[in-house]
Amino acid sequence: VLGAQWGDEGKGKYIDIFASQADVVVRSQGGNNAGHTVVVGDESYKLQLIPSGILYPDCVNIIGPGVVVNPKSILGEMDGLNARGISTDKLYIDARAHCILPWHLELDALSEKARGGDDIGTTKKGIGPTYMDKAERIGVRMHDFVDPERFEAAMTEACERKNKVIVGVYGGEPIDIKAVLEEYKEYADRLRSHVKDTSVITYQAIKDGKEVLFEGAQGTLLDLDMGTYPYVTSSHPVSGGCCIGSGVGPTAIDEIVGICKSYTTRVGKGPFPTELFDETG
């Protein structure tokens, strides 16, 4: 289930309907810059990174290798759900997913500020800088993050590299790596049991004939390649992105549903030729 416009088409409602019938729900791209609001009875749930299947006790929820994960943010989301009586025991994060870390948020904000009036209008949640590290092949992945033997070295190396940019390029304040290590070690300990090779879980579910739902975030016109560049997201919210970001081939998908609405809106900056600036708009 994908967004066919700029996002905010109301995917969450449809994803919730499909998720109620699914055995596995997979999120394959983006980060906590996306969000679905799901209403169940009198309860409203604002989900940013966790798949909508989390509201159904028997459903397995997967965050695939194409997603970027903020450890602090996802634990906050998990704690919020747990406090409302919803289990997160069947939530799994792929070991290859990249981590959004404090320096990514700082660089996102500094980069936007440096652009001045030409800023892109990002959510400043570190998504772009994390995907930049992924493409540069210097990112910290979940398997590094939750490995007690790799954690400190991987985090320290990444922070030292980024502090050179934060201070040298933008004139910002360096990130205190000791404070980050102390805080994030607890996050790593809590997330360790949730980190798996999710492509195997997803593929096996499809092979066993189970109902697998790929939950899209953002929308087609925000695709990194096919969208209104540069006012786009840093991943691929089109149907092909579901395959790349989950580790299954395109022949595994039987049906693609695109959600659109009768009028168009867009969040952030970028071209929007039909925008109304009058009372109706």
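It should be noted that the structure appears before, not after, this text.
All residue numbers refer to position in the chain's written sequence, counted from 1. Given that the model is predicted, a residue must reach a pLDDT of at least 70 before its local features are reported, and side-chain atom pairs must reach 80 or more before they are shown or counted; all residues, however, enter totals for whole chains, interfaces and linings. Hydrogens and waters are ignored; side-chain quantities use all the structure's heavy atoms.

1. Focus on the pairing of strand S5 (residues 60–63)
Then step 1. Burial along S5 is two-sided: Val 60 and Ile 62 facing one way and Asn 61 and Ile 63 facing the other are all buried.
Then step 2. At least two DSSP bridges between two strands are required for those strands to pair. Secondary structure counts use DSSP, requiring at least four H or I residues in a row for a helix and at least two E residues in a row for a strand, with both numbered from the N terminus. Where strand S2 (residues 24–27) meets S5, four bridges bridge the pair, whose relative direction is parallel. The residue of S5 that forms the bridge with Arg 27 is Ile 63.
Then step 3. Pairing between S5 and strand S7 (residues 91–94): three bridges, direction parallel. Its bridge partner being in S7, Asn 61 is matched across the sheet by Leu 91. The buried label applies to any residue whose accessible area, calculated with a 1.4 Å probe on protein chains only, is under 20% of its type's maximum; exposed applies above 50%, and partly exposed to all values in between.

2. Examining the environment of Lys 13
Then step 1. The residue Lys 13 is located in helix H1 (residues 11–19) in this model.
Then step 2. By relative accessible area, which is 60% here, Lys 13 ends up exposed.
Then step 3. The sequence separation of Lys 13 and Val 165 amounts to 152 residues, and the corresponding C-alpha distance is 41 Å.

3. What to know about the nonpolar core
Then step 1. For the purposes of this section, nonpolar cores are sets of buried Ala, Val, Leu, Ile, Met, Phe, Trp, Tyr and Cys residues that join through side-chain atoms within 4.5 Å. Ranked by size, the top nonpolar core spans 42 residues in total, and within it Val 69, Ile 74, Trp 103, Met 142, Phe 145 and Met 155 carry the most contacts.
Then step 2. Each residue touching Met 142, except ones within four places of it in the same chain, is listed here: Val 69, Ile 93, Asp 94, Ala 95, Ala 97, Cys 99, Leu 191 and Val 195. Whether two residues touch is decided by their heavy atoms; if any such pair falls within 4.5 Å, the residues are in contact.

4. What to know about the pattern of salt bridges
Then step 1. Within this document, salt bridges are pairs made up of a side-chain nitrogen of Lys or Arg and a carboxyl oxygen of Asp or Glu, the two lying within 4 Å of each other. This model, assessed by the stated rule, comprises 11 salt bridges.
Then step 2. Salt-bridge contacts for Glu 183 lead to Lys 72; the nearest nitrogen and oxygen are separated by 3.4 Å. Here Glu 183, found in helix H7 (residues 177–191), pairs with Lys 72, found in helix H2 (residues 71–83); they are 111 residues apart in sequence, far enough to count as distant.
Then step 3. By relative accessible area, Glu 183 is classed as partly exposed at 29%.
Then step 4. On the basis of relative accessible area, Lys 72 is assigned to the partly exposed category, the value being 46%.

5. Some words on H1
Side chains three or four residues apart in an α-helix point the same way, a direct result of the helix having 3.6 residues per turn.
Then step 1. Within H1, the full set of buried residues consists of Lys 11, Gly 12, Ile 15, Asp 16 and Ala 19. The arc enclosing the buried residues of H1, seen along the axis, measures out at 130°, which places them on a common side.
Then step 2. In this structure, the buried side of H1 is in contact with strand S1 (2–3), S2, strand S3 (36–40), strand S10 (212–215) and strand S11 (258–259). This arc corresponds to the set of directions leading from the helix axis out to the C-beta atoms.

6. A few points about unusual backbone geometry
Then step 1. Here the residue pair Tyr 229 and Pro 230 is connected by a cis peptide bond, since its omega of 5° sits within 30 degrees of zero.
Then step 2. The topology assignment puts Pro 230 in the loop between S10 and helix H9 (239–244).
Then step 3. Despite not being glycine, Arg 137 has its phi angle at roughly 65°, a positive value.
Then step 4. Its location among the elements puts Arg 137 in the loop between helix H4 (127–136) and helix H5 (142–145).

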